[in-house]
Amino acid sequence: MERHMPLIRISWMRGIRVFEMVLAPARMTMRASSRGGKLLLAAFLLSGVSLSISSCARDPAGPSSDGPDTTSHSFSWSVIHLGDGASSILFDVANINDTLAYAVGAVYKRDSIGGWDPLPYNMAKWNGSTWELKRISVQFRGREIAPPIYGIHANSATDIWLAAGMAIHGNGSSWTPYDVRLLTGRDSLSFHKCWGTANFMYFVGDRGSMAQFDGTTWTYMPSGTSLDIRDIFGSQNTQTRSWEILAIASQQYTSLERRILRISGLSVEALPDVPLAQPLTTCWFVPGVRYMVAGSGIHEKGTLEEVLWRPSPDNGTRFYIEAIRGTAANDIFAVGGFGECVHYSGRTWKSYSNQSAIALGSYFRVAANSQSVIMVGQSSPLAVILMGTRLP
């Protein structure tokens, strides 16, 4: 089982370069996609000058309708910080209903005498009024571990899957680990994200890792790439009744290379990404209506058969997008670097930077339902949750 030190990661874009600042306890490093980028980043950090990459309007007209907004931009917002420091971070969230949500990551607390507890809390549970830290421990090859959890997918309140290098399944109170490396004979598998239904689950992660679980058998799936698979999402086409599933692979901080992968059963194919030339991290779609990919910008198509991905007009984003999710084609959220958070209503994009901005950190995931939206990430050195409740 791999163990990764939690880090603070913040990224933003300038031209075709994607910059990253990585902080860990007692050290800080900076990387960019070129030597010139390093010098520019260093100059920016030393000068204290605020970053301004574009002059996008914050509430511009939207891409597809001349009519009124079809969903409201009105939310009440609250910010919650978790942990005592030590690079506490949340990577993913499942927003099940008003009284139940789970956020996962690695949250560090001090013990009763002020020292650091070496084991992180890897889950936080929302009960409708407060977030409670939890530590999910499982048996792995003869020892008990509480690994950082990178991904979560909830098919229901009692059917919850976790991606923590391994796969873990639970009902909210008891948890069963799956040593998929051993079960498939593929010792390089390491999972960071998952998606599926009550009948099948897909897990993806480092170096092109991909596997399917059909309720009985785990099957290794050659993904055709050695890039890290950073996101997976699927939805059922209401016309054909078939499931459409996409995944995004990239080496976000070291390369401009990317793959948009379409999954059908146990088959994987790379889709054309013309004319994209910059990294991607995330995808979301309504089958046959709107397909969106994001990272260095937000791009969309009406159908996968269209040749070109086009920029989503006037979306107002300034920083790198880590996640995009929605409840419908007219209710879409994108979040990312420095607390970037924008919402598409069906006609306009709106930025919530006044409520969501983070001086040093990012939101890494967002999940919405008909009542609320929750985004999670890191506001150095603490884990952060931003909750939005829809207003009448």
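(A) Layout of the overall build of the protein chain. Helix and strand counts for the protein chain come out as 3 helices and 33 strands. Out of the 392 residues belonging to the protein chain, those deemed buried represent 53%. Sequence separation of at least 24 residues holds for 51% of the intrachain contacts in the protein chain that already meet a minimum separation of 6. Of the roughly 16300 Å² of accessible surface on the protein chain, a fraction of 52% belongs to carbon and sulfur atoms.

(B) Layout of the sheet that holds strand E23 (residues 280–286). Here 4 strands make up an open sheet; going across it, the order is E23-E24-E25-E26 and the pairing antiparallel. The sheet is open, and its two edges are formed by E23 and strand E26 (310–311), each paired on a single side.

(C) Quick look at the side chain of Asp 92. Mapping Asp 92 onto the fold places it in strand E5 (residues 85–97). In this structure, Asp 92 is in contact with Tyr 102, Ala 103, Val 104, Tyr 150, Gly 151, Ile 152, Lys 193, Arg 365 and Val 376, ignoring residues within four places of it in sequence.

(D) Representation of the sheet that holds strand E20 (residues 243–250) in the model. With antiparallel pairing, the 4 strands of this open sheet are ordered in space as E19-E20-E21-E22. Because the sheet does not close on itself, it has two edges, and the strands there are strand E19 (228–236) and strand E22 (267–271). Going across the sheet, the axis of each strand differs from the next one's by a mean of 25°, ignoring polarity. With 8 bridges joining them, E19 and E20 adopt antiparallel strand pairing. Opposite Ser 235, over in E20, you have Glu 244 as the bridge partner.

(E) Region of interest: unusual backbone geometry. Here the amide bond leading from Val 274 into Pro 275 is cis, since omega sits at 0°, within 30 degrees of zero. If you trace the backbone, Pro 275 turns up in the loop between E22 and E23. Phi at Arg 207 takes a positive value of approximately 50°, unusual for a residue other than glycine. Tracing the backbone through its elements, the reader meets Arg 207 in the loop between strand E16 (201–205) and strand E17 (210–213). Positive phi, normally seen in glycine, also occurs at Arg 241, with a value near 65°. Considering the arrangement of structural elements, one finds Arg 241 in the loop between E19 and E20.

(F) Expanded view of the pairing of strand E14 (residues 175–178). Judged from the 4 bridges that link them, strand E13 (residues 166–170) and E14 form a sheet pairing that is antiparallel. Bridge assignment links Ala 167 to a residue of E14, and that residue is Tyr 178. Counted between consecutive antiparallel strands, the loop separating E13 from E14 contains 4 residues, among which Gly 172 sits at a positive phi close to 105°.

(G) Representation of the pattern of salt bridges within the structure. Applying the stated criterion across every chain yields a total of 15 salt bridges. Residue Asp 84 pairs with Lys 109 through a salt bridge whose shortest N-O separation is 3.5 Å. Of this pair, Asp 84 sits in the loop between strand E4 (75–82) and E5 while Lys 109 sits in the loop between strand E6 (100–108) and strand E7 (121–126), placing them 25 residues apart in sequence. Measuring nitrogen to oxygen at the nearest pair gives 3.7 Å for the salt bridge that ties Glu 132 to Lys 134. The exposure class of Glu 132 is partly exposed, given its relative accessible area of 41%. One continuous salt-bridge network, built from bridges that share partners, spans Asp 92, Asp 231, Arg 325 and Arg 365.

(H) Up close: the packing of aromatic side chains. The final tally for this structure, using the stated rule, is 25 aromatic pairs. An angle of 50° between the planes, with centres 5.5 Å apart, marks the rings of Tyr 178 and Trp 218 as tilted. Here Trp 218 lies in strand E18 (residues 218–220) and Tyr 178 lies in strand E14, a separation of 40 residues in the sequence. A relative accessible area of 8% means that Trp 218 is categorised as buried. Relative to Tyr 291, the ring of Phe 285 has its centre 5.3 Å away and its plane inclined at 20°; by these criteria the two rings are stacked. Taken together through their ring pairs, the aromatic side chains of Trp 161, Tyr 178, Phe 191, Phe 203, Phe 213 and Trp 218 make up a single cluster. Seen from the ring of Tyr 121, Arg 135 lies directly overhead, with NZ or CZ sitting 4.3 Å from the centre.

(I) Fine view of the pairing of E6. Along E6, 9 of the 9 residues are buried, which leaves the element largely enclosed by surrounding structure. Here E6 shows two buried faces, one formed by Leu 100, Tyr 102, Val 104, Ala 106 and Tyr 108 and the other by Ala 101, Ala 103, Gly 105 and Val 107. For E5 and E6, the ladder comprises 8 bridges, and the chain directions are antiparallel. Residue Ile 89 lies in a different strand from E6, and its bridge partner there is Ala 106. Two successive antiparallel strands, E5 and E6, enclose a turn made up of 2 residues. Pairing of E6 with E7 involves 5 bridges; the strand directions are antiparallel. Bridge pairing in E7 places Ala 103 opposite Ala 124.

(J) Just the environment of Ser 362, in detail. Relative to the helices and strands, Ser 362 is located in strand E31 (residues 361–368). For the pair Ser 362 and Leu 90, spaced 272 residues apart in sequence, the C-alpha to C-alpha distance is 10.0 Å.

(K) Spatial organisation of the environment of Pro 381. With respect to the secondary-structure elements, Pro 381 resides in the loop between strand E32 (372–379) and strand E33 (382–390). With relative accessibility at 39%, the residue Pro 381 sits in the partly exposed group. Taking the C-alpha atoms as reference points, Pro 381 and Leu 82, 299 residues apart in sequence, are found 9.7 Å from one another. Filtering out sequence-adjacent residues up to four positions away, Pro 381 remains in contact with Gly 85, Ala 86, Ser 87 and Ser 88.

Criteria and thresholds
Position labels on residues start from 1 in each chain and follow its written sequence. Local features in this predicted model are restricted to residues of pLDDT 70 or higher, and side-chain atom pairs are both shown and tallied only at a pLDDT of 80 or more, whereas totals for entire chains, interfaces and linings draw on every residue. Processing note: side-chain calculations cover all non-hydrogen atoms of the structure and skip hydrogens and water entirely. Helical segments are the DSSP runs of H or I of at least four residues, strand segments are the runs of E of at least two, and each set is numbered from the N terminus. Burial classes: relative accessible area under 20% of the type maximum marks a residue as buried, over 50% as exposed, and values in between as partly exposed (1.4 Å probe, protein chains only). Pairs of residues are marked as contacts when any of their non-hydrogen atoms sit within 4.5 Å. Each accessible area is a Shrake-Rupley estimate made with a 1.4 Å probe; only the visible protein chains count as cover when residues are assessed. Paired strands are those between which DSSP finds at least two bridges. Interaxial angle, 0 to 180 degrees, is taken between N-to-C directions of lines fitted to C-alpha atoms, where a helix line uses only the stretch in contact. The term salt bridge refers to a side-chain nitrogen of Lys or Arg lying within 4 Å of a carboxyl oxygen of Asp or Glu. Note on aromatic pairs: the rings of Phe, Tyr and Trp (six-membered ring only in Trp) are paired at centre separations within 6.5 Å, and the planes decide the class, stacked below 30 degrees, edge-to-face beyond 60, tilted for the rest. Charge-over-ring contacts are defined here by two conditions on Lys NZ or Arg CZ: a distance within 6 Å of the ring centre and an angle within 35 degrees of the ring normal.

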